[in-house]
Amino acid sequence: MLRALTVAAAVFVAAAGVAFAAGEAEHPHDHPFSFDSPIRGYDMAAVQRGFQVYNQVCSTCHSMAHLSYRHLGEEGGPFAAYMARNHETGEEEMVVGKPAHGGRFVTVTENPYVRAIASAVTISDIDPASGQPMDRPGRVSDHFRSPFPNEIAARAANGGAYPPDLSVITSARHGGADYIYSLLVGYTGEVDGALYGNRYFAGGKIAMPPPLAEGAVAYADGSPTTVEQYAADVTTFLQWAADPHMEARKRMGIIVISFLLVLAGLLYLAYKQVWRGESH
Amino acid sequence: MSGHSTYEPKSGFTRWLDKRLPIIRMAHDSFVAYPTPRNLNYWYTFGAMLALCLVVQIVTGVVLAMHYVPHINMAFASVQRIDRDVPYGWLIQNIHSVGASMFFLAVYIHMFKGLYYGSYKAPREVLWILGCVIYFLMIATAFLGYSLPWGQMSFWAATVITNLIGALPMIGESIKNWLMGGFSVDQPTLNRFFSLHYLLPFVIAGVVALHVWALHETGQNNPTGVEVKSKADTVPFTPHATIKDLFATALFLILFAVFVFYMPDALGHADNYIPANPLQTPPEIVPEWYLLPFYAILRAFDFNIGPIDSKLAGVLAMFASIGVLFVLPWLDTSRVRSMRYRPAARQFFLIFVVVCLVLGWCGGQNPGRVLAQSGDFTATLRWVEGGAVSARAFSAPSEEQFDETAAGMRETATTEGAAMTMVSRSNATDARMMSVVGGTPQTQTVSARTIEALEEAVQEAKAEIGARAPFFVTERASPMAFTVTRLSQVATFYYFLFFLVLLPLLGLRETPGRVPDTIAKPIGGQTQEAA
Ligand code: HEM
């Protein structure tokens with residue numbers, strides 16, 4: 001009887017776990033991102049386009065203070081450049097993304113894409129000669145420029161709401177990338193004063209005006225310029241930003257786990273050998 | 001078993017050293033020649049994993065501490081820097097945070113094993129108590145470590161726990177302020193938490209040394225719970241136990257690696273990626289999974305016990321739930337060690353394990369969440385169709401007299417022939433009474449699973465009836481509800497019942513099964529049949 005009781009309790013626990021109550025907001029849409037798979041990496045073209053969306057749209061309100069421009073050009077970053085030989089011309093040329101046949105990594109300070117991105121930004125600094133505040137073009141070592149000097153200024157410019165830093169936003173929300181994507185495409189069109197109806201935001205109303213509009217960002221690679229595409233791209237970029245070493249991590253995981261499996265197999269054989277003939 | 005040393009130094013240097021510091025002899029006696037019972041099963045391999053976990057936490061922790069900045073404005077960013085810029089920092093950080101969970105996973109299995117096989121019973125009381133000390137220190141260390149990244153959960157968990165300690169009578173307030181280094185969780189708190197988080201693992205290492213010393217004095221227990229009687233009962237630690245421990249540890253490392261490389265955040269809470277903000281309480285404050293059972297016990301006390309208020313009762317119960325482990329050797333009265341031969345106790349033990357899991361589950365839930373209810377929420381709408389409606393304003397002389405005045409108004413209306421009345425109050429003393437004379441009284445009942453759905457259904461029903469009803473009188477009824485808090489109370493009750501009542505009584509009343517005379521010659525088939 002007691003055993004039956006225990007089993008009943010276990011079943012009850014399992015069932016209760018499944019019946020987890022849903023909150024007010026809708027459950028995020030399950031978007032098929034490439035990085036969802038345990039082995040696949042980022043769609044780097046999407047990360048590049050997503051950076052463009054962040055840079056042209058989101059960065060007017062949101063900081064990404066934990067990132068520096070150089071991160072974009074480091075190995076595993078969206079603008080990592082390599083020198084590789086062109087098979088047709090035989091010339092060494094610079095390509096973005098690691099070529100299939102290998103190539104020489106271009107250090108970030110030499111990376112023209114990253115330098116162009118950084119120098120297009122104006123950074124407030126102290127003039128090393130006079131000690132007075134001054135503006136200068138950005139350098140690759142600079143952190144992403146924050147749109148507001150502090151939280152008070154950010155709130156003042158956004159009707160009292162604080163646009164959170166986006167450096168780790170996909171880690172900082174339940175639902176991760178699926179939630180961010182859903183939020184960006186989840187506007188209902190209702191407006192209530194300074195609040196906008198959004199099916200996925202807790203409470204149903206968010207202080208962020210719909211940030212994406214069809215055609216607002218011009219893509220050079222011919223990808224569709226729809227809200228859904230922008231949302232998927234910027235979310236991929238944000239996921240990369242929160243987890244820049246994911247590809248290296250998954251790659252190392254395969255090696256480590258394979259090694260451990262072989263080791264465990266050998267140890268098992270050794271164990272059998274040692275204990276052979278021992279009663280236990 | 002501190003028997004005869006069989007170590008023989010082979011080289012000139014080891015002979016020289018053996019005369020001066022017999023450290024190789026000690027290692028040889030403890031980890032090579034040391035006789036271990038031959039019937040140890042895989043539950044006995046977790047000690048090795050625990051030792052590994054401690055080393056892993058210390059090594060990764062020392063490296064993290066080289067890059068971590070214990071400052072409220074920089075801690076969060078410094079952990080980000082470790083993850084992004086420190087070479088393999090992401091790996092070290094993942095190993096350290098996943099490692100804490102793996103450490104607890106191993107320690108829980110290790111402790112349940114001890115409970116099941118009666119490893120706390122004489123002569124291993126001190127060994128068991130030292131284990132409990134390690135466990136307590138681990139909880140403290142993990143709690144302190146969790147506050148270091150200075151995310152929202154770090155900050156609020158630190159706030160909640162330090163405030164709990166403040167609930168203790170007399171000394172609580174001083175301990176709380178001493179822990180915080182002020183009147184709230186702030187820079188001084190973070191500084192001392194970092195210092196203590198760095199210190200405690202080394203204290204743990206010291207207690208582990210004592211734990212192993214005590215172990216080697218009494219010898220290991222084993223699944224039969226029968227003491228080693230002769231050499232036939234044992235095998236040398238190396239290679240027999242060593243190889244088995246290594247194999248099991250390799251499996252454990254695979255699980256460890258799956259988390260580190262593929263689900264590094266699965267065991268953590270998303271809110272800890274939001275920098276700490278003392279002005280904004282997160283929607284839910286929950287500890288890490290390994291502390292959830294204690295959180296459930298804490299929150300199970302939603303009632304005062306005589307002069308003890310609910311908060312203090314919860315804190316005391318939480319500490320008692322660990323404290324009871326320390327006195328367990330004297331609570332269990334059974335002469336038989338292993339539950340393998342205690343069929344009744346075994347059933348209660350299995351329930352105990354389930355209860356601990358239930359407590360863990362409860363700790364992560366909203367305490368008010370309804371798990372089961374006796375029926376639906378219902379509302380009965382009453383209205384009168386086609387009567388003569390009149391409205392009358394009235395005021396009560398004072399707020400206290402309002403109910404009385406309203407009752408009086410209603411009574412007058414009813415004696416004047418009103419079929420139904422409704423009072424709507426506009427402020428403390430003023431109200432309007434609607435009444436309807438004649439017509440046909442109607443009723444409609446709606447029901448729903450939740451109170452929110454009920455309100456929706458009521459609104460719908462009202463809209464449908466519309467103008468046919470001048471006004472409604474609505475009576476609502478709630479079903480009996482079984483909430484997470486109730487479940488926690490039941491589970492907490494069993495937790496203490498198990499230690500304080502069942503184990504003392506069972507030892508005196510139960511009829512144990514037949515215990516084998518020696519480890520080497522178990523009575524036929526018995527060991528295979530039961531785990
Ligand atoms: C008993 C062993 C230990 C346990 C159970 C433990 C547990 C933890 C936990 C749970 C965290 C929070 C991790 C996170 O959320 O990211 C943490 C952080 C930290 N621990 Fe430990 N730890 C142990 C030993 C050590 C040691 C020996 C050191 C240093 C010598 C150390 C240094 C740190 C540092 C610097 C952090 C903050 C950085 C971070 O969050 O990764 N730990 N620890």
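Per the secondary structure count, chain A includes eight helices and eight strands. Rg of the C-alpha trace for chain A: 25 Å, well past the compact-globule value of 19 Å for 280 residues, more than 25% over. Across its three principal directions, the C-alpha atoms of chain A cover 85 × 60 × 45 Å. A separation of at least 24 residues holds for 55% of the contacts in chain A among residues at least 6 apart in sequence. For chain A, the accessible area works out to roughly 15,200 Å², and carbon and sulfur atoms hold 59% of it. Side-chain charges of chain A comprise 20 positive and 28 negative groups, with the mean position of each set lying 8 Å from the other.

Here we take up the coordination of the iron atom of the ligand. Coordination of the iron atom of the ligand by the protein is provided by His 96 of chain B (NE2) and His 197 of chain B (NE2), with metal-donor distances spanning 2.0 Å. For His 96 of chain B, a relative accessible area of 16% translates into the label buried.

Time to look at empty space enclosed by the protein. Empty space among the atoms becomes apparent when a probe as large as a water molecule is rolled across them. Summed over the entire model, instances satisfying the criterion amount to two cavities of 30 Å³ or more. Of the pockets and cavities examined, the largest cavity occupies roughly 60 Å³. Lining the largest cavity are His 71, Glu 74, Glu 75, Gly 76, Gly 77, Trp 240, Pro 244 and His 245 of chain A together with Arg 84 of chain B.

Backbone-to-backbone hydrogen bonds pair the strands of a sheet. The strands run either parallel or antiparallel. Residues and elements named next belong to chain A. Sheet architecture is open: three strands sit in the order β6-β7-β8, paired in antiparallel fashion. The open sheet has two free edges, formed respectively by β6 (187–192) and β8 (205–206), since each of these has just one partner strand. When strand β7 (residues 195–198) meets β8, the two strands line up antiparallel, connected through two bridges. Within β8, the position partnered with Gly 197 by the bridge is Lys 205.

On the chain A side, the residues contacting the 48 residues of chain B number 47 residues. For the pair chain B and chain A, the two sides together bury roughly 4,100 Å², of which 69% comes from carbon and sulfur. On the chain B side of the interface with chain A, the three residues burying the most area are Arg 84, Phe 261 and Tyr 262 of chain B, jointly 18% of the side's total. Asp 85 of chain B is the partner of Arg 70 of chain A in a salt bridge, and the nearest nitrogen-oxygen pair spans 3.0 Å. Counting every contact that joins chain B to chain A gives ten residue pairs in polar contact (both at pLDDT 80 or more). Sorting the residues of the side of chain B that touches chain A by element identifies α4 (75–84), α5 (89–116), α10 (237–262) and α13 (343–363) of chain B as the ones contributing at least two each. With 16 residues, the top contributor of residues to the side of chain B that touches chain A is α10 of chain B.

This part takes up the sheet that holds strand β4 (residues 377–385) of chain B. All names here are of chain B. A sheet is described by the order of its strands in space; here three strands give the open sequence β8-β4-β9, paired in antiparallel fashion. Both outer strands of the open sheet, β8 (440–448) and β9 (473–477), are each paired with one neighbouring strand and no more. In this sheet, neighbouring strand axes are inclined to one another by 15° on average, regardless of whether the strands run parallel or antiparallel. Bridge analysis of β4 against β8 gives nine bridges, and the strand direction is antiparallel. Paired with Leu 381 across the bridge in β8 is Gln 444. Sitting on the sheet, helix α15 (residues 451–465) is in contact with β4, β8 and β9, with an inclination near 20° to β4.

A few words on the packing of helix α6 (residues 176–185) of chain A against helix α7 (residues 227–242) of chain A. All names here are of chain A. As a packed pair, α6 and α7 sit with axes 9 Å apart at the nearest point and diverge in direction by 150°. The element α6 and its partner α7 pack so that their crossing is right-handed. Of the residues in α7, those in contact with Ala 177, Ile 180, Tyr 181, Leu 184 and Val 185 of α6 are Val 227, Glu 228, Ala 231, Ala 232, Val 234, Thr 235, Leu 238 and Gln 239. The residue inventory of the contact of α6 with α7, partitioned by class, reads ten nonpolar, two polar and one charged.

Residues Glu 452, Glu 456, Glu 460 and Glu 464 of chain B make up a contiguous surface patch of negative charge. Relative to the helices and strands, Glu 452 of chain B resides in helix α15.

All right, on to the site of the ligand then. Residue and element names in this part refer to chain B. Lining the immediate environment of the ligand, one finds 24 residues, of which Gly 61, Gln 93, His 96, His 197 and Tyr 198 sit closest. In the model, a nitrogen atom of the ligand is placed 2.8 Å from a nitrogen or oxygen of the His 96 side chain. Counting residues per element, the ones that place at least two in the shell around the ligand are α3 (46–67), α5, α6 (125–147) and α9 (187–218). Broken down by element, the shell around the ligand gets its largest block of residues, six residues, from α3. When the residues that make up the shell around the ligand are grouped by side-chain class, the tally is 16 nonpolar, eight polar and no charged.

This brings us to the pattern of salt bridges. All told, the structure shown has 24 salt bridges over all chains when counted by the stated rule. Arg 70 of chain A is the salt-bridge partner of Glu 74 of chain A, the closest N and O atoms lying 2.9 Å from each other. You can call Arg 70 of chain A partly exposed: its relative accessible area is 23%. For Glu 151 of chain A, the salt bridge is made with Arg 155 of chain A, and the minimal N-O distance between the two is 2.9 Å. With Glu 151 of chain A and Arg 155 of chain A both in helix α5 (residues 151–157), this residue pair falls four residues apart, about one helical turn. Residues joined in a network through salt bridges with shared partners are Lys 121, Asp 332, Arg 342 and Glu 510 of chain B.

At a minimum axis distance of 11 Å, the contact between helix α8 (residues 246–275) of chain A and α5 of chain B shows a crossing angle of 65°. As the angle between them shows, α8 of chain A and α5 of chain B are arranged roughly perpendicular. Remark: the crossing between α8 of chain A and α5 of chain B carries right-handed chirality. On the side of α8 of chain A, the interface is formed by Ala 248, Arg 249 and Met 252 of chain A, while α5 of chain B contributes Trp 90, Leu 91 and Asn 94 of chain B. Looking at side-chain class alone, the contact of α8 of chain A with α5 of chain B contains four nonpolar, one polar and one charged residues.

Right, let's talk about the environment of His 66 of chain A for a bit. Within the fold, His 66 of chain A resides in the loop between α2 (44–56) and α3 (69–73). Judged by its relative accessible area of 18%, His 66 of chain A is buried. Distance in space between the C-alpha atoms of His 66 of chain A and Ile 152 of chain A is 19 Å, their sequence separation being 86 residues. Sequence-distant contacts of His 66 of chain A, that is, excluding residues within four places in its chain, are made with His 71, His 143, Asp 165 and Ser 167 of chain A together with Phe 76, Ala 77, Gln 80 and Arg 84 of chain B.

The next point concerns the packing of aromatic side chains. In the structure shown here, the tally under the stated rule is 51 aromatic pairs over all chains. Plain terms: the ring middles of Phe 301 of chain B and Phe 303 of chain B are 5.6 Å apart, the flat faces sit at 40° to each other, and that makes the pair tilted. Three or more aromatic residues link up through ring pairs in this structure, and these residues are Tyr 44, Phe 112, Tyr 116, Tyr 117, Phe 349, Phe 352, Tyr 494, Tyr 495, Phe 496, Phe 498 and Phe 499 of chain B. Over the ring of Tyr 219 of chain A we find Arg 49 of chain A; its NZ or CZ atom is 5.6 Å from the centre of that ring.

Further remarks concern the domain arrangement of chain B. Structurally, chain B comprises domain 1 (295–374 + 481–515) and domain 2 (377–479). Relative to domain 2 of chain B, the C-alpha centre of domain 1 of chain B lies at a distance of 48 Å.

Turning next to unusual backbone geometry. All names here are of chain B. For the bond running from Ala 122 to Pro 123, omega is 5°, close enough to zero to count as cis. By secondary structure assignment, the location of Pro 123 is in the loop between α5 and α6. Backbone torsion omega between Thr 238 and Pro 239 reads 5°, so that peptide bond is classified as cis. By secondary structure assignment, the location of Pro 239 is in helix α10. A positive phi is found at Tyr 88, a non-glycine position, where the angle reads about 55°.

What counts and what doesn't
- Residues numbered from 1 in each chain as written.
- Chains lettered and ligands numbered in written order.
- Predicted model: local features only at pLDDT ≥ 70, side-chain atom pairs only at ≥ 80, totals over all residues.
- Heavy atoms only, no water.
- Helix = DSSP H or I, 4+ residues; strand = E, 2+ residues; numbered from the N terminus.
- Rg over C-alpha atoms; globule rule 2.2 N^0.38 Å.
- Contact = heavy atoms within 4.5 Å.
- Areas by Shrake-Rupley, 256 points an atom, 1.4 Å probe, with all protein chains shown as cover.
- Lys, Arg positive; Asp, Glu negative; His and termini not counted.
- Charge placed at Lys NZ, Arg CZ, Asp CG, Glu CD.
- Donors = N, O, S within 2.8 Å, 3.2 Å for Na, K, Ca; no water.
- Buried < 20%, exposed > 50% of the residue type's maximum accessible area, 1.4 Å probe, protein only.
- 1 Å grid on protein atoms, 1.4 Å probe; cavity = no way out; pocket = protein on both sides within 12 Å on 5 of 7 lines; lining within 4 Å.
- Points joined across faces, edges and corners; volume = space filled by probe spheres on them.
- Pairing = 2+ DSSP bridges.
- Buried area = accessible area lost by both parts, 1.4 Å probe.
- Salt bridge = Lys/Arg side-chain N within 4 Å of Asp/Glu carboxyl O.
- Polar contact = N/O pair within 3.5 Å; in protein donor to acceptor, adjacent residues only side chain to side chain.
- Axes fitted to C-alpha atoms, helices over the stretch in contact; angles between N-to-C directions.
- Left-handed = near helix turned anticlockwise from the far one by under 90°.
- Nonpolar A, V, L, I, M, F, W, Y, C, P; charged D, E, K, R; others polar.
- Patch = residues over 30% accessible without salt bridge, like charges linked within 9 Å, V, L, I, M, F, W, Y side chains within 5 Å.
- Near = heavy atom within 4 Å.
- Parallel < 35°, antiparallel > 145°, perpendicular 65-115°, else oblique.
- Phe/Tyr/Trp six-rings, centres within 6.5 Å; stacked < 30°, edge-to-face > 60°.
- Lys NZ or Arg CZ within 6 Å of the ring centre and 35° of its normal.
- Domains from an automatic or database assignment.

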